Amino acid sequence: MKNKQIILVKKPEGMIDESHFAAVFTDVPAPKDGEVLVKNRYVSIDPYLRLLTEEPATFSRGVQVGSRMESWSVGEVLESKSDAFKPGQFVVGYLGWQEYGLAEARDLRRIDPSLAPLPAFLGVLGMPGITAYFGIFRYGKPQAGQTVLISAASGTVGMTAGQLAKMHSCRVIGIAETEEKCHYLVEELHFDRAINLSQRSLIEGLKEDAPEGIDLYYDNVGGETLDNALLFLRKNSRVVICGMISQYNVKTPYALKNFDRLHSARATLKGFIVADLMSQWPEAISKLERWVKEKKLKHKENIFHGLENAPKALHSIFTAAPIGKTVVEV
Ligand SMILES: NC(=O)c1ccc[n+]([C@@H]2O[C@H](COP(=O)([O-])OP(=O)(O)OC[C@H]3O[C@@H](n4cnc5c(N)ncnc54)[C@H](OP(=O)(O)O)[C@@H]3O)[C@@H](O)[C@H]2O)c1
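About the thresholds
- Residues numbered from 1 in each chain as written.
- Predicted model: local features only at pLDDT ≥ 70, side-chain atom pairs only at ≥ 80, totals over all residues.
- Heavy atoms only, no water.
- Buried < 20%, exposed > 50% of the residue type's maximum accessible area, 1.4 Å probe, protein only.
- Helix = DSSP H or I, 4+ residues; strand = E, 2+ residues; numbered from the N terminus.
- Pairing = 2+ DSSP bridges.
- UniProt positions renumbered as here; feature names shortened; annotations may be inferred.
- Core = buried A, V, L, I, M, F, W, Y, C linked by side-chain atoms within 4.5 Å.
- Domains from an automatic or database assignment.
- Contact = heavy atoms within 4.5 Å.
- Axes fitted to C-alpha atoms, helices over the stretch in contact; angles between N-to-C directions.
- Parallel < 35°, antiparallel > 145°, perpendicular 65-115°, else oblique.
- Left-handed = near helix turned anticlockwise from the far one by under 90°.
- Buried area = accessible area lost by both parts, 1.4 Å probe.
- Salt bridge = Lys/Arg side-chain N within 4 Å of Asp/Glu carboxyl O.
- Nonpolar A, V, L, I, M, F, W, Y, C, P; charged D, E, K, R; others polar.
- Phe/Tyr/Trp six-rings, centres within 6.5 Å; stacked < 30°, edge-to-face > 60°.
- Lys NZ or Arg CZ within 6 Å of the ring centre and 35° of its normal.
- Near = heavy atom within 4 Å.
- Polar contact = N/O pair within 3.5 Å; in protein donor to acceptor, adjacent residues only side chain to side chain.
- Areas by Shrake-Rupley, 256 points an atom, 1.4 Å probe, with all protein chains shown as cover.

What about the pairing of strand 3 (residues 35-44)?
Buried residues dominate strand 3, accounting for eight of its ten residues. As judged from the five bridges shared by strand 3 and strand 6 (residues 100-104), these two strands associate in the antiparallel manner. Of the residues in strand 6, the one forming a bridge with valine 36 is alanine 103. Bridge count between strand 3 and strand 4 (residues 73-80): seven bridges; the pairing is antiparallel. By the bridge assignment for strand 4, tyrosine 42 is matched with valine 74. Bridging between strand 3 and strand 15 (residues 325-329) involves three bridges; their strand directions are antiparallel. Of the residues in strand 15, the one forming a bridge with serine 44 is valine 327.

A word on the UniProt feature "transmembrane region" (unreviewed entry) in the protein
In the UniProt entry, the feature "transmembrane region" (unreviewed entry) is given for residues 115-136. Spanning residues 115-136, this segment combines 45% helix with 0% strand, and its end C-alpha atoms are found 24 Å apart.

Topic: the nonpolar core
Trp97, Tyr218, Trp281 and Leu314 are the most contacted members of the largest nonpolar core, which totals 75 residues. In terms of residue count, helix 2 (residues 127-140) provides more of this core than any other element does, seven residues in total. Residues lining this core come from more than one domain, with at least three contributed by each of domain 1 (2-123 + 300-329) and domain 2 (127-275). If we skip the residues at most four places from it in the chain, tryptophan 281 touches Trp72, Met127, Ile130, Phe134, Val274 and Ala275.

Observations regarding helix 6 (residues 223-230)
The element helix 6 is extensively covered by neighbouring structure, given that seven of its eight residues are classed as buried. Turning to helix 6, its buried residues are Gly223, Thr225, Leu226, Asp227, Asn228, Ala229 and Leu230.

Description of the packing of helix 2 against helix 3 (residues 156-167)
Helix 3 packs onto helix 2 with a crossing angle of 45 degrees between their chain directions and a minimal axis gap of 8 Å. When the axes of helix 2 and helix 3 are compared, the pair comes out oblique. Judged by the twist between their axes, the crossing of helix 2 over helix 3 is right-handed. Taken together, the residues of helix 3 that come into contact with helix 2 (itself represented by Pro128, Gly129, Thr131, Ala132, Tyr133, Ile136 and Phe137) are Thr156, Val157, Thr160, Ala161, Leu164 and Ala165.

With respect to the domain arrangement of the protein
Assigned domains within the protein: domain 1 (2-123 + 300-329) and domain 2 (127-275). Spacing between the C-alpha centres of domain 1 and domain 2 amounts to 28 Å. Contact residues are listed per partner, giving 22 residues for domain 1 and 15 residues for domain 2. Around 1,500 Å² of area is buried between domain 1 and domain 2 when both sides are counted, 66% of it from carbon and sulfur atoms. Where domain 1 meets domain 2, there are zero salt bridges. Only helix 1 (48-52) and helix 9 (310-319) provide two or more residues apiece to the side of domain 1 that touches domain 2. The element contributing the most residues to the side of domain 1 that touches domain 2 is helix 1, with three residues. Residues of the side of domain 1 that touches domain 2, tallied by class, amount to 13 nonpolar, three polar and six charged.

Examining the sheet that holds strand 12 (residues 233-241)
Pairing in this open sheet of six strands is parallel, and the strands run 10-9-8-11-12-13 from one edge to the other. Two strands bound the open sheet, and with one partner strand each, they are strand 10 (193-196) and strand 13 (268-271). Here the average twist between neighbouring strands, direction ignored, is 15 degrees. With four bridges joining them, strand 8 (residues 147-150) and strand 9 (residues 171-176) adopt parallel strand pairing. In the sheet register, isoleucine 150 faces strand 9, and the bridge partner there is glycine 174.

Regarding the packing of aromatic side chains
Under the definition given, this model contains eight aromatic pairs. Ring plane angle 70 degrees and centroid distance 5.0 Å describe the contact between tryptophan 72 and tyrosine 94, whose orientation is recorded as edge-to-face. Of this pair, tryptophan 72 sits in the loop between helix 1 and strand 4 while tyrosine 94 is found in the loop between strand 5 (90-93) and strand 6, placing the two residues 22 residues apart along the sequence. Judged by relative accessible area, which is 26%, tyrosine 94 ranks as partly exposed. Each ring, one from tyrosine 133 and one from phenylalanine 137, has its centre 5.3 Å from the other, and the planes form 75 degrees; the classification is edge-to-face. Here tyrosine 133 and its partner phenylalanine 137 are both found in helix 2, four residues apart, which amounts to about one turn of the helix. Taken together, the aromatic side chains of Tyr133, Phe134, Phe137 and Trp291 make up a single cluster linked through ring pairs. Positioned above the aromatic ring of tyrosine 100 is the side chain of lysine 39, whose terminal nitrogen or guanidinium carbon lies 5.1 Å from the ring centre.

Looking at the site of the ligand
Residues in contact with the ligand amount to 25 residues; listed here are only the nearest, Thr156, Asn220, Cys242, Tyr248 and Val274. At 2.8 Å, a backbone N or O of cysteine 242 approaches a nitrogen atom of the ligand. One nitrogen or oxygen atom from the side chain of tyrosine 248 is found 2.7 Å from an oxygen atom belonging to the ligand. Starting from 910 Å² of accessible surface for the ligand in isolation, the protein chains cover 89%. Looking at the shell around the ligand, the elements that each hand over two or more residues are helix 2, helix 3 and helix 9. Looking at side-chain class alone, the shell around the ligand contains 15 nonpolar, eight polar and two charged residues. Taken domain by domain, the shell around the ligand gets at least three of its residues from each of domain 1 (2-123 + 300-329) and domain 2 (127-275).

Rendered as structure tokens:
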């Protein structure tokens, strides 16, 4: 039995694509005491993977040339040398782009596949959903009746964050790039408004849809969208910097022009990385699972087939992102 893996073969300068990766085959590892061998069923495709390839790495555990790509995955226990897991159980772990992964039992989370389709445990019930939970409630602190603006609103974090803000009786405006995405946000997820950037600028859209301004901007994209959103901050508003996807593949970062708006609006700006809150993830997971079960929280997944298509799937979320969570079926 061989283990197919996807490794990084060169560091990207600009847009990441298939040319930066290759498939290799290694031996399937055998678990030692306390370890579990998992057969990956789905690997996660997330924007931060691009940051792992930066030189120097933006995160401490970057991916070097010749190394296997890191990622979250969901899989089935094949062999266990731990009392905590049995073969046949489903788990989430940080096992990377490969067919078989080895992990310490304490680094795996057992999941209940009757709750949702397996890919959802990498999206709304995984790291991106947890990010939206803490980003909205811990840092965004929305109050009922307030106006919340969310960028990349049809992505996993954005669509979850928007629904959480709606559950909190806020007025939610999403930003997306196509009519189909805006239709989905309003008709399926009950956002109050959606601004289609291919039809009107953010400034035009907010003049029409938020003439009184915004109380919370949940930023997933950075760049010009963040800059323009700053112009609409109300007094005592908050800006949560969750991500900057528009900047991950560019060589020259966008320079903000409207930073002074934070001062005049007495606004607070908070950046965060969800990995720093890992000890508190169980709190978020139990709430997200309950809301999904009660059908209060909707989710959507897009599946690429075949591990060898993981690089193509990663390229797609920066160029023609579908609605919702992108995963690769191994
Ligand atoms: N702080 C944390 O710990 C944390 C954790 C998870 C995610 N994040 C961040 O949250 C953001 C969203 O992640 P996600 O998991 O929701 O991603 P996702 O499900 O893969 O969706 C990607 C989204 O980004 C948008 N997008 C892609 N390229 C863009 C560009 N150049 N400019 C503007 N929008 C672009 C896409 O929509 P359109 O094509 O319609 O624009 C799509 O909605 C990312 O910035 C990510 O890094 C942060």
